[in-house]
Amino acid sequence: MSAPLNKKVFIKTYGCQMNVYDSEKMADLLAPDGYGVTEDPQEADLVILNTCHIREKAAEKVYSELGRLRRLKERREAKREGMMIAVAGCVAQAEGEEIAERAPVVDLVVGPQTYHRLPELLKRVEKTGGAVVETEFPAEDKFNRLDKPAAAAPPARGVAAFLTIQEGCDKFCTFCVVPYTRGAEFSRPVERIEAEARALAQSGVREITLLGQNVNAYHGEGPNGEPVSLSGLLTHLSAIEGLERLRYTTSHPRDMDDELIEAHGSNPKIMPYLHLPVQSGSDRILAAMNRRHTRDDYFKIIERIRRARADIALSSDFIVGFPGESDQDFEDTMALVRDVTFAQAFSFKYSARPGTPAAELDGQVPEEVKSQRLARLQDVLKAQQLAFNRDCAGRTMDILLEKPGRHEGQLAGRSPYLQPVHVPAGTAQIGEIVHAKVESVGANSLSAHIVGIQ
Ligand code: 5AD
Ligand code: SF4
């Protein structure tokens, strides 16, 4: 039995989808202690910032948010109402004690591998009154704890959900903090993932995105004790009734094996969308990044995946201005983009992360050069996204209707290619997968009208 909901928690999530998943799990863990989720920090008894450390600005945003929260906390304290502030996620992991020192308003600092102990840690804060910092990588299995009933039977969460199947990374790209903040690669066992997916499907979820920092390196224990690959896991999950769509992110080119590529051609529940970060189109820079593949390897993977699934929408991540990146290296990236053509992409200026090998390299690229390169790259990527959307005009495709849209009488859904789609329909249709004809397209979304139901 849950306690009555007499306290409120406000959770602000930064960064990747895994943080979104972690935030939901934190809310589940706090529910038995009487916490209900609020969207309004003003009325919160507990505020959690679930932070991201991947690039500089993310951490800076957290510190300015903490400044705002300090004033809020003071106002609440003036009314004799308490407010606890916790910093979770990767900034918490990377900065640890420093957060409590730089922002004394913080009561609790908890890393991504320890947040399953949130209820107990909050009690410790209440008892001691001082800041608690917990960023160890404990031997006990976080997921084990999360699989206990309260957290394992999530409340309904809409019709599209995230599910973490793998966490951490052993690849050590020289620019990246993830191996340090999320730790070593770990894959959850198949049975646990299946149980969670089944519970989600029973609560009305039609689409699941499997999450992992290196999701296609997944090798969780299968029902007979043997390791199962991501394609094997996708086969298991495809058998779940009511679950119609599967996606996975983020993949590494090195782990894009034949079986997984073939699955895109043979398993209709796997959506035709692949996020496959390449970071750079220059072999020299790829080597310096320790990506452990060449530009040609990337082209070959793309060719194979397009052979398996001709209409696949490709997405990628790019970093411009990695240390030592010359004009020619950058032109190689531009040429790769023109050759592959992406439906969507994310691109960033290189940001030196303390503790990573690339931060120590000579040849750091000046900020203006990074900005110019980023602008040029984003122009091409934006044009490619628009071109991909334009190609969809007039086509009929399956749209999962997810939630109320911006306007009355309209729902927001997703195409198989992950494009947001506006569809005139009533809220009773949320959760349906409809055939819809695309009438108009914009840079970031499509509009369509229903012509039939699946
Ligand atoms: N600087 C800029 N971008 C980075 N990314 C990761 N680390 C850095 C960094 N230090 C980008 C990569 C990665 C995405 C999640 O964030 O492109 O794929
Ligand atoms: Fe970071 Fe590279 Fe691991 Fe991706 S593969 S999480 S970029 S170290």
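Look up: the structure comes first, before these words.
Since this is a predicted model, take the numbers as computed values, not measurements.

The rules behind the values
Residues numbered from 1 in each chain as written. Chains lettered and ligands numbered in written order. Predicted model: local features only at pLDDT ≥ 70, side-chain atom pairs only at ≥ 80, totals over all residues. Heavy atoms only, no water. Near = heavy atom within 4 Å. Polar contact = N/O pair within 3.5 Å; in protein donor to acceptor, adjacent residues only side chain to side chain. Areas by Shrake-Rupley, 256 points an atom, 1.4 Å probe, with all protein chains shown as cover. Helix = DSSP H or I, 4+ residues; strand = E, 2+ residues; numbered from the N terminus. Nonpolar A, V, L, I, M, F, W, Y, C, P; charged D, E, K, R; others polar. Pairing = 2+ DSSP bridges. Salt bridge = Lys/Arg side-chain N within 4 Å of Asp/Glu carboxyl O. Buried < 20%, exposed > 50% of the residue type's maximum accessible area, 1.4 Å probe, protein only. Axes fitted to C-alpha atoms, helices over the stretch in contact; angles between N-to-C directions. Expected span 1.5 Å × (residues − 1). Contact = heavy atoms within 4.5 Å.

Peer 1: Looking at this structure, how should I read the site of ligand 1?
Peer 2: As a structural note, the neighbourhood of ligand 1 is formed by Ile 54, Arg 55, Phe 175, Gln 279, Asp 317, Ile 319, Phe 348, Lys 349, Tyr 350, Ser 351 and Arg 353. Within the side chain of Asp 317, an N or O atom sits 2.6 Å from an oxygen atom of ligand 1. Look at ligand 1: alone it shows 400 Å² of surface, and the protein chains cover 87% of it. For the shell around ligand 1, the secondary structure elements donating two or more residues are strand S15 (313-320) and strand S16 (344-349). Of the residues assigned to the shell around ligand 1, the class counts are five nonpolar, two polar and four charged.

Peer 1: Could you clarify how one ought to interpret the pairing of strand S21 (residues 446-453) in this entry?
Peer 2: Along any regular strand, the residues point their side chains to alternate faces of the sheet. In this structure, strand S19 (residues 420-424) lies alongside S21, joined through two bridges in parallel fashion. Residue His 422 lies in a different strand from S21, and its bridge partner there is Ser 447. Where strand S20 (residues 433-441) meets S21, seven bridges bridge the pair, whose relative direction is antiparallel. Opposite Ser 440, over in S21, you have Ser 447 as the bridge partner. Between S20 and S21, which follow one another and run antiparallel, lie four residues.

Peer 1: Sorry, what's going on with the pattern of salt bridges here?
Peer 2: Pairs can form between side chains of opposite charge once their charged atoms are near each other. Taken as a whole and assessed by the stated rule, the structure comprises 31 salt bridges. Residue Glu 65 pairs with Arg 68 through a salt bridge whose shortest N-O separation is 2.8 Å. Highlighted residues: Glu 65 and Arg 68, both in helix H2 (residues 56-78), separated by three residues, approximately one helical turn. Of the residues examined, Glu 65 reaches a relative accessible area of 9% and is grouped as buried. What emerges from the salt-bridge pattern is a single network uniting Asp 22, Lys 142, Glu 167 and Arg 182.

Peer 1: Just to check I follow, could you spell out the sheet that holds S19 for this structure?
Peer 2: Remark on secondary structure: sheet strands pair via backbone hydrogen bonds, oriented parallel or antiparallel. In spatial order, the strands read S17-S18-S19-S21-S20; together these five strands close into a barrel with mixed pairing. If you compare each strand with its neighbour and ignore which way they point, the axes differ by 55° on average. Taken together, the five bridges between strand S18 (residues 410-414) and S19 define a ladder with antiparallel strand orientation. Following the sheet pairing, Ala 412 is matched in S19 by His 422.

Peer 1: Please clarify how H2 should be interpreted in this entry.
Peer 2: Given 3.6 residues per turn, any residue in an α-helix points the same way as the ones three and four places further on. Between its terminal C-alpha atoms H2 stretches 34 Å, which fits the 33 Å expected from 23 residues at 1.5 Å a residue. Within H2, burial applies to Ala 58, Ala 59, Val 62, Tyr 63, Glu 65, Leu 66, Gly 67, Leu 69, Leu 72, Lys 73 and Arg 76. Elements that come into contact with the buried residues of H2 comprise strand S1 (7-13), strand S3 (46-51), strand S4 (84-88), helix H3 (89-95) and helix H4 (97-102). Backbone geometry just after H2 places Arg 80 at a positive phi near 60°.

Peer 1: Which parts of the structure should I look at to understand the environment of Ala 160?
Peer 2: Along the chain, Ala 160 turns up in strand S7 (residues 160-164). Considering only alpha carbons, one finds Ala 160 and Arg 206, 46 residues apart in sequence, at a separation of 6.0 Å. Residues contacting Ala 160, with those up to four places away along its chain left out, are Glu 207 and Glu 402.

Peer 1: In this structure, what is going on with the sheet that holds strand S2 (residues 35-37)? I would like to understand it.
Peer 2: Across the sheet, which stays open at both edges, the six strands sit in the order S2-S1-S3-S4-S5-S6 with parallel pairing between neighbours. Two strands bound the open sheet, and with one partner strand each, they are S2 and strand S6 (132-134). Averaged over all neighbouring strand pairs, the angle between strand axes comes to 20°, with direction disregarded. Where S1 and S3 come together, five bridges link them in parallel fashion. Bridge pairing links Thr 13 to Asn 50 in S3. In the packing of helix H1 (residues 17-30) onto the sheet, the strands contacted are S1, S2, S3 and S4, and the crossing angle to S3 comes to about 155°. Contacts between H2 and the sheet are confined to S1, S3 and S4, with S3 contributing the most and set at about 175° to the helix.

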